[in-house]
Amino acid sequence: MPEPILELHGVAKHFATGTEALAGVDLSVGRGEFLSLLGPSGCGKSTLLRIIAGLTPPSSGACRLALDHAPGRIGFVFQDPTLMPWSTVTGNVLLPFRIAGRIGAKERERALAAVRAVGLAGFEGAYPHQLSGGMRMRVSIARALATDPDLLLLDEPFAALDEITRLALNDDLLRLWEERRPTILFVTHSVFESAYLSTRIAVMTARPGRISADLAVDLPQPRTRATRTSPDYAALCERVSASLAEAMEPGR
Amino acid sequence: MNRLWLRIAAPIAIGIVFLALWQAGAWLSGVAVYILPAPSDIAVSLWTDGPSLMGSLLVTLRITLAALAAAAILGGAIALVFSLSRIVEISFFPYAVILQVTPIVAIAPLIIIWVHTPFLALLTCAWIVAFFPIVSNTTVGLNSADRNLLALFRLYGASRAQVLWFLRIPTALPYFLAGLRISGGLALIGAVVAEFVAGTGGAETGLAYRILEAGYRLAIPRLFAALFLLSVTGILIYLVLDFISRQLLRNWHESATAEEEE
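Predicted model, so just to flag it, every value in this text is computed and none were measured. (Residues numbered from 1 in each chain as written. Chains lettered and ligands numbered in written order. Predicted model: local features only at pLDDT ≥ 70, side-chain atom pairs only at ≥ 80, totals over all residues.)

1. Things to note about the overall build of chain B
On a plain count of helices and strands, chain B comes out with ten helices and zero strands. Counting only C-alpha atoms and orienting by the principal axes, one finds that chain B spans roughly 75 × 55 × 25 Å. Relative to its 262 residues, chain B shows a buried fraction of 34%. Residue pairs in contact within chain B that sit at least 24 positions apart in sequence constitute 76% of those at least 6 positions apart. (Helix = DSSP H or I, 4+ residues; strand = E, 2+ residues; numbered from the N terminus. Buried ≥ 20, exposed ≤ 12 C-beta atoms within 10 Å, placed from the backbone. Contact = placed C-beta atoms within 7 Å.)

This is how it looks when you write it as structure tokens:
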């Protein structure tokens, strides 16, 4: 495995309400990996992502990141596009730079490059309400990519989109990952999505979440439309489904 | 397009029918003009007393607009302070409510005694009536920032000032403007009530005093004419504020962009 960019040791999280979201998650993620966190709804996947991003502290355990603590090294994409409705596409993508207090020609160019990279050239001046759901999600991804993060955290980003849009965005995400090679942690509850995108799949149990299976994906790169119909892909999906079923009903 | 036309034509048609019935009723019943003047009597009064009534309207309007401006600025500032400190909000909000629910008629005499400049006294009364919707709306708005956006701001290391300026204030803008539209009407009501209580008969008499005076003199058509001007003013204030609000929000807020999405 390449040098780890992220190491989790016994990360647990319980909330003041008594809910136990995570129970002892151990995970090591290598630089440049595309890791899917696959699990049923409410298994604490999102909580885990927030802990990694430093948005919420773990109740116990350690989360070690091998990257600069400077803002912008981590990109985050939520399930909702989470855009500022009063800002244009460019304005939204410029947000990380605006917060860092510097918007020069270089930052502007990086933001516009990110907008082009997600296929939104020509929409730089559009407002979110003028865009479709898929396009808004592209803006959200462009914003996360603008700072060229080492670690990209995606929290079920395509769950609310229709199938056609989701497939297109899957391919775009793969292309962006191949171009820039950030480490990606991709939370999903779709077996097919995780199998198609990832280099590795971590399957999580229902609440309290822990990692019950760690599957390497050996499908050839780059993934194409042909991948989706290959027997290897079908076999992998079956394996992942079995792991997920196991994770949801450990007694069986 | 068709609907816009209907939205203008339908209320006007109802108004015309209503006025016609009123006119016919006044003629046929022969009710004395000092009890119920016909619309034609009121129109005549508007024509003859118009210039002097307009002068009074300007006096009232000046108080109204000054009170509204003060409500917008001070109300916004109070909401900002509330949003910055939860303890300040908890401590002071009940007093803002008390000020709001106390009938202005009851405290106007005190204010008129305490504040010597008539203009300032009336302004204070109108302000008390007008400021609360702005404070309460803007406070809600400042606290309504999207939770995920807040998380994102934290992730990128935003300071509190940046969160306020780039996230909370823009989020609050539609709430503030909704409060402003309510306050516009309230400022006018506040100014009129204050004038009723103050009853200044000096050099500058507002429209409210003209209504009282016309009532005393049984100049009922003039009373109606003054009322008419007051209503038109209230409607105009609302329309202007609504227009400003749409202009400011036209790029992004649902309330301003709904028509386009259909």
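2. Thoughts on the packing of helix 8 (residues 207–216) of chain B against helix 9 (residues 220–249) of chain B
All names here are of chain B. Their axes nearest at 8 Å, the elements helix 8 and helix 9 cross at an angle of 160°. Put simply, helix 8 runs roughly antiparallel to helix 9. For the pair helix 8 and helix 9, the sense of crossing is left-handed. Every residue of helix 9 that contacts helix 8 at Leu207, Arg210, Ile211, Ala214 and Gly215 is listed here: Arg222, Leu223, Ala226, Leu227, Leu229 and Leu230. Considered class by class, the residues forming the contact of helix 8 with helix 9 number eight nonpolar, one polar and two charged. (Axes fitted to C-alpha atoms, helices over the stretch in contact; angles between N-to-C directions. Parallel < 35°, antiparallel > 145°, perpendicular 65-115°, else oblique. Left-handed = near helix turned anticlockwise from the far one by under 90°. Nonpolar A, V, L, I, M, F, W, Y, C, P; charged D, E, K, R; others polar.)

3. A short note on the sheet that holds strand 5 (residues 74–77) of chain A
Residues and elements named next belong to chain A. The strand order across the open sheet formed by six strands is 5-6-7-3-8-9, and the pairing between neighbours is mixed. Because the sheet does not close on itself, it has two edges, and the strands there are strand 5 and strand 9 (211–216). Along the sheet, successive strands turn relative to each other by an average axial angle of 15°, direction set aside. Pairing between strand 5 and strand 6 (residues 151–155): four bridges, direction parallel. When the bridges of strand 6 are listed, Gly75 appears paired with Leu152. (Pairing = 2+ DSSP bridges.)

4. Considerations on the sheet that holds strand 4 (residues 60–65) of chain A
Residue and element names in this part refer to chain A. In spatial order, the strands read 2-1-4; together these three strands make up an open sheet with antiparallel pairing. The two strands at the open ends of the sheet, each matched to only one other strand, are strand 2 (20–30) and strand 4. Each strand of the sheet is rotated relative to its neighbour by a mean of 15°, with strand direction disregarded. The pairing of strand 1 (residues 4–14) with strand 4 spans five bridges and is antiparallel. Each bridged residue has a counterpart across the sheet, and for Leu8 the counterpart in strand 4 is Cys63.

5. Brief notes about the nonpolar core
Counting 82 residues, the largest nonpolar core has Val93, Ala142 and Leu153 of chain A as the members making the most contacts within it. Ranked by the residues each element gives to this core, the list is headed by helix 5 (residues 133–146) of chain A, at seven residues. Leaving out residues up to four positions away in the same chain, Leu153 of chain A has contacts with Leu49, Ile52, Ala53, Ile74, Gly75, Phe76 and Leu185 of chain A. Ile42, Ala121, Ile134 and Leu207 of chain B belong to the second-largest nonpolar core, a separate cluster that totals 51 residues. (Core = buried A, V, L, I, M, F, W, Y, C linked by C-beta atoms within 7 Å.)

6. Structural notes on the interface of chain B and chain A
For interface size, the figure often reported is the accessible area lost on association. Listed by partner, the interface residues are 18 residues for chain B and 17 residues for chain A. Among the elements of the structure, helix 6 (147–155) and helix 7 (160–198) of chain B are those that each provide at least two residues to the side of chain B that touches chain A. Considering each element in turn, the side of chain B that touches chain A owes the most residues, seven residues, to helix 6 of chain B. Looking at the side of chain B that touches chain A residue by residue, the classes come out as ten nonpolar, six polar and two charged.

7. A short note on the environment of Val88 of chain B
Residue and element names in this part refer to chain B. Residue placement: Val88 occurs in helix 3 (residues 86–101). Looking at Val88, the number of C-beta atoms within 10 Å reads 13, which means it is partly exposed. Expressed as a C-alpha distance, the spacing of Val88 and Pro109, which sit 21 residues apart in the sequence, is 30 Å. With residues up to four places along the chain from it excluded, the contact list for Val88 reads Val81 and Phe82.

8. Quick word on the pairing of strand 3 (residues 34–38) of chain A
In summary, the side chains of a regular strand alternate between the two faces of the sheet. Residues and elements named next belong to chain A. In terms of burial, strand 3 is largely enclosed, as five of its five residues are buried. Burial along strand 3 is two-sided: the face carrying Phe34, Ser36 and Leu38 and the face carrying Leu35 and Leu37 are both buried. The pairing of strand 3 with strand 7 (residues 183–188) spans five bridges and is classified as parallel. Its bridge partner lying in strand 7, Phe34 is registered against Ile184. Bridge count between strand 3 and strand 8 (residues 200–204): four bridges; the pairing is parallel. Bridge pairing in strand 8 links Leu37 to Ala202.

9. Some points on the confidence of the model for chain A
Averaged over all residues, the pLDDT of chain A is 88; the fraction at 70 or higher stands at 98%. Predicted confidence in chain A is weakest over helix 8 (residues 225–229) of chain A, with a mean pLDDT of 82, and strongest over helix 2 (residues 89–93) of chain A, with 94. (pLDDT = per-residue confidence, 0-100.)

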